[in-house]
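What follows is each chain in one-letter form.
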Amino acid sequence: MLDSIKQMVLPTLALVSVLGQVSAEEKPLEATTLSLSSGRGDQSPAYDWLNVILETSARDVDRVGARPTILARSMAITVTAMYDAWAAYDGVAVGTRFGGKLRRPEAERTEANKEKAIGVAVYRTLIDQYPTDVEWIAKEVKKRGIDPSDHSMALENPVGIGNAVAKALLAYYHVDGSNQNGDAVGSNGKSYSDYTYYQPVNPPSPGPIHDPDRWQEIPFDDGKGGTFTPGFLTPHWYLVKSFGLERNDMFRPGPPPKVGSELLKKEVDECTAFNASLTVEQKAVVEFMRDGPRSTGQSGHWLRLAQAVSRRDKNDLDTDVKMYFAVANTAHDAFIACWDTKRHYDSSRPWSLVRYYYKGETIKGWAGPGKGVIDLPAEKWHPYSPSTFVTPPFPGYTSGHSTVSSACAKVLELFTGSDRFNAREKRVAGALTEPGFTCAQIQLVNGKLTVDKHATCDVALQMPTFSETAEMAALSRLMGGYHIRTDNEVGLTQGRQVGMHLWPKFQAYFSGEAKVDAADQMPKTANS
């Protein structure tokens, strides 16, 4: 079975090992920096502002942990602010809140005005989304010529345009169902808290599994010698207003396989087989798609990939603004569609399914950092993941990585006119999951070396197309032990449906044909 799985997966991922010159025994593993295509030094201002958005998001992850739904929404808001401010200085495009009402005369449609308006709009929305980082954000925008104290709403200058679009966008998103302000009836008063009264059917692991088809909370190490058990992240997200879905359940798939079916048992077996046989290349894929401790989720991941496209194609400001707008809102809507499915089916993950199917048995599995694969009780089975983030805290079906990646891949294909990506990422396998251990140590089997002690874990991941990159993301979740195959394959289909549905809507904004329902009235032109 293991051989057939490897033959099926490795060609799809197009993985190539790169042999290094430095002995892994002499040098502990280190994470590498993103090396997708070759960079250039003249990126557009939109590219630079996206860097600020992504870094602000990463800083938030450092403080409160990964919250992919919330991060995707925040990025969609700030990138949409960038787009709406830019649209006021374009001759054709319309914004999402005011339509074409803010369009400035041709003489004012300069690069400088676009850049200023974009910077102000990004600043105002960023400090709303990340209020604990106001000081850092202000410092960054000042470096870029933006005055945080200028609250002008005068539309004859770009500062006023930026402030106006930010104000309108925030008024809209503050009542979008996300409960950003913690004021929804039924919530606990905290930002983004649930107001739908979700309760898991099963007690937290290692408690008894009452219904193996339903999700179970999992304890994480807190990094300080204790543990904590996170609940379902944003279970109310199926109620959040989307960018372009007529209904949040419009792409909800049929049910996942259930306990008692031959298919589910086969897929759980496949998951444990991967866990007991991960190659260096496969570990690198799992870590690349998991993104590490400062993960900005699949929204941030695909915006980074969009930046690689920008470098490759030498995009100008206008092209970058439109591309980031499309990718960010696609990711946001894909998360909403995915969360509708997760909430509806409340499905189990491999962590619980392995414990249910193999209860009391000994199986082969990953033993932890630097320990390789051993025979262990099924109750000790662990995904290829740090103990501080065992598996994402929400139901499995459909996979968020798969759904969002497939949606963004489809939109990038449609935006650029080709599925071609031709990107390459260099990694050091194990660096994010087993830091400090040599390449030989992370490949131990029953305590014995399986490779030369001087082996290296340098790997190059090939991403020839956007669609294959999305497939890599999906398979990484199976290999990592976070999802069964169905979660991923159905997620890929769901994501493609979202991307194809949204693309004509983006085109309509770019061409000026979008009908902005109940467009906000023109803001006051006097300074405030």
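About the thresholds
- Residue numbering note: each chain is counted from 1, following its sequence as written.
- Under the rules for a predicted model, residues below a pLDDT of 70 receive no local features and side-chain atom pairs below 80 are neither given nor counted, while totals for whole chains, interfaces and linings still include all residues.
- The side-chain numbers reported here are obtained from all heavy atoms of the structure, hydrogens and water having been left aside.
- Numbering goes from the N terminus for both helices and strands, where a helix is a DSSP run of H or I of at least four residues and a strand is a run of E of at least two.
- In protein, a polar contact requires one atom able to donate a hydrogen and another able to accept it; more generally it is a pair of N or O atoms within 3.5 Å, and residues adjacent in sequence count only if both atoms are side-chain atoms.
- Space inside and on the surface of the protein is sampled on a 1 Å grid over the protein atoms alone, with a cavity defined as a set of points where a 1.4 Å probe fits but cannot get out and a pocket as an open set with protein on both sides within 12 Å along at least 5 of 7 lines; lining residues have an atom within 4 Å of a point.
- Grid points are joined across faces, edges and corners, and a volume is the space filled by probe spheres set on the points.
- Only Asp, Glu, Lys and Arg are considered charged in this grouping, and only Ala, Val, Leu, Ile, Met, Phe, Trp, Tyr, Cys and Pro are considered nonpolar; every other residue, Gly among them, is considered polar.
- Here a salt bridge means any side-chain nitrogen of Lys or Arg lying within 4 Å of a carboxyl oxygen belonging to Asp or Glu.
- Exposed residues in this analysis have more than 50% of their type's maximum accessible area, buried residues have under 20%, and partly exposed residues fall in between, with area computed by a 1.4 Å probe over protein chains only.
- The term disulfide is used for any two cysteine sulfur atoms that are within 2.5 Å.
- Only heavy atoms matter for contacts: two residues are in contact if any of them lie within 4.5 Å across the pair.
- By convention, a stacked pair of Phe, Tyr or Trp rings (six-membered ring in the case of Trp) has centres within 6.5 Å and planes under 30 degrees apart, an edge-to-face pair has planes over 60 apart, and any other such pair is tilted.
- For this analysis, a nonpolar core means a set of buried residues of the types Ala, Val, Leu, Ile, Met, Phe, Trp, Tyr and Cys, connected via side-chain atoms within 4.5 Å.
- For two strands to pair, DSSP has to find at least two bridges joining them.

S.K.: Please clarify how the environment of Glu-425 should be interpreted in this entry.
M.R.: Considering the arrangement of structural elements, one finds Glu-425 in strand S6 (residues 420-428). For the pair Glu-425 and Phe-228, spaced 197 residues apart in sequence, the C-alpha separation works out to 34 Å. At 2.9 Å, the side chain of Glu-425 and the side chain of Arg-427 are in polar contact.

S.K.: I keep staring at empty space enclosed by the protein and nothing clicks. Help me out?
M.R.: Any empty space left between the atoms is revealed when a probe the size of a water molecule rolls over them. Taken as a whole and assessed by the stated rule, the structure comprises 2 cavities of 30 Å³ or more. Within this model, the largest cavity holds a volume of roughly 100 Å³. Along its surface, the largest cavity is lined by Pro-212, Asp-213, Pro-256, Pro-257, Lys-258, Leu-264, Ser-347, Ser-348, Leu-353, Tyr-397, Ile-484 and Asp-487. Residues that form the lining of the largest cavity fall into these classes: 7 nonpolar, 2 polar and 3 charged. In this structure, the second largest cavity occupies an estimated 80 Å³ of space. Together, 15 residues line the second largest cavity, and Asp-84, Ala-88, Gly-95, Gly-99 and Leu-102 are the ones closest to its centre.

S.K.: Mind showing me how you'd approach the pattern of salt bridges here?
M.R.: It is possible for side chains of opposite charge to pair when their charged atoms get near one another. This model, assessed by the stated rule, comprises 25 salt bridges. Arg-247 is paired through a salt bridge with Asp-249; the nearest N and O atoms lie 2.8 Å apart. The partly exposed category is assigned to Asp-249, whose relative accessible area is 28%. The residue Glu-434 makes a salt bridge to Lys-283 at a minimum N-O spacing of 3.3 Å. One end of the pair, Glu-434, is in the loop between S6 and strand S7 (458-465); the other, Lys-283, is in helix H8 (residues 280-290), and 151 residues separate them in sequence. By relative accessible area, Lys-283 is classed as buried at 5%. Connected through salt bridges with shared partners, the residues Arg-59, Asp-60, Arg-63, Arg-67 and Asp-133 form a single ionic network.

S.K.: Sorry if this is basic, but what is going on with the state of the cysteines here?
M.R.: Working definition: the covalent bond between the sulfur atoms of two cysteines is a disulfide. Following the criterion strictly, the structure yields 1 disulfide and no others. One disulfide bridge connects Cys-439 with Cys-457, the sulfur atoms lying 1.9 Å from each other. Because the torsion about its S-S bond is 85°, the bridge between Cys-439 and Cys-457 counts as right-handed. Of the two residues, Cys-439 is situated in the loop between S6 and S7 and Cys-457 in the loop between S6 and S7; the sequence distance between them amounts to 18 residues. Assigned by exposure class, Cys-439 and Cys-457 land together as buried. Just so you know, Cys-271 is unpaired, no disulfide at all, and the nearest cysteine sulfur is the one on Cys-338, 17 Å from it. Cys-271 sits in the buried class, given a relative accessible area of 1%. Cysteine Cys-338 remains unbridged, with the sulfur of Cys-408 as its closest cysteine sulfur at 12 Å.

S.K.: It is not clear to me how helix H11 (residues 350-357) should be interpreted in this structure. Could you clarify?
M.R.: Owing to its 3.6 residues per turn, the α-helix brings residues three or four apart onto one side. In terms of burial, H11 is largely enclosed, as 7 of its 8 residues are buried. Listed as buried for H11 are Pro-350, Trp-351, Ser-352, Leu-353, Val-354, Arg-355 and Tyr-357. If you follow the buried residues of H11, they end up packed against helix H7 (262-275) and strand S4 (362-366).

S.K.: How do you make sense of the packing of aromatic side chains when you look at a structure like this?
M.R.: Going through the model one piece at a time under the given rule, you end up with 23 aromatic pairs. With centroids separated by 4.9 Å and ring planes inclined at 85°, the aromatic side chains of Tyr-198 and Phe-232 adopt a geometry described as edge-to-face. Within this pair, whereas Tyr-198 is found in the loop between helix H6 (158-173) and strand S2 (220-221), its partner Phe-232 is found in the loop between strand S3 (227-228) and H7, the two being separated by 34 residues in sequence. Tyr-198 gets classed as buried once you look at its relative accessible area, which sits at 13%. On the basis of relative accessible area, Phe-232 is assigned to the buried category, the value being 8%. Ring plane angle 55° and centroid distance 4.5 Å describe the contact between Trp-339 and Phe-394, whose orientation is recorded as tilted.

S.K.: I tried to follow the side chain of Thr-465 on my own but got confused; where do I start?
M.R.: Checked against the element boundaries, Thr-465 lands in strand S7. Side-chain polar atoms of Thr-465 contact the side chain of Glu-468, separated by 2.8 Å. Leave out the neighbours within four places in its chain, and Thr-465 touches Asp-419, Arg-420, Phe-421 and Asn-422.

S.K.: What's the story with the nonpolar core in this structure? I'm lost.
M.R.: Tyr-83, Ile-118, Tyr-324 and Phe-506 are the most contacted members of the largest nonpolar core, which totals 139 residues. In terms of residue count, the dominant contributor to this core is helix H10 (residues 317-345) (15 residues). Ignoring sequence-local partners within four residues, the contact set of Tyr-83 consists of Ala-93, Val-94, Gly-95, Val-321, Lys-322, Phe-325, Tyr-509 and Phe-510.

S.K.: Help me out: how do you make sense of the pairing of S4 in this one?
M.R.: On a regular strand, each side chain points to the face opposite its neighbour's, so the side chains alternate between the two faces of the sheet. Pairing geometry for S4 and strand S5 (residues 373-377), over 5 bridges, is antiparallel. Bridging from a neighbouring strand, Thr-362 pairs with Pro-377 of S5. From the end of S4 to the start of S5, which pair antiparallel, there are 6 residues, and Gly-368 there has a positive phi angle of about 125°.

S.K.: Looking at this structure, I do not really get unusual backbone geometry. What am I missing?
M.R.: It is generally the case that most residues other than glycine have a negative phi and that most peptide bonds are trans. Cis rather than trans, the peptide bond between Ser-205 and Pro-206 has omega equal to 10°. Among the structural elements, Pro-206 can be located in the loop between H6 and S2. Despite not being glycine, Tyr-192 has its phi angle at roughly 65°, a positive value. Along the polypeptide, Tyr-192 turns up in the loop between H6 and S2. Despite not being glycine, Asn-446 has its phi angle at roughly 55°, a positive value.

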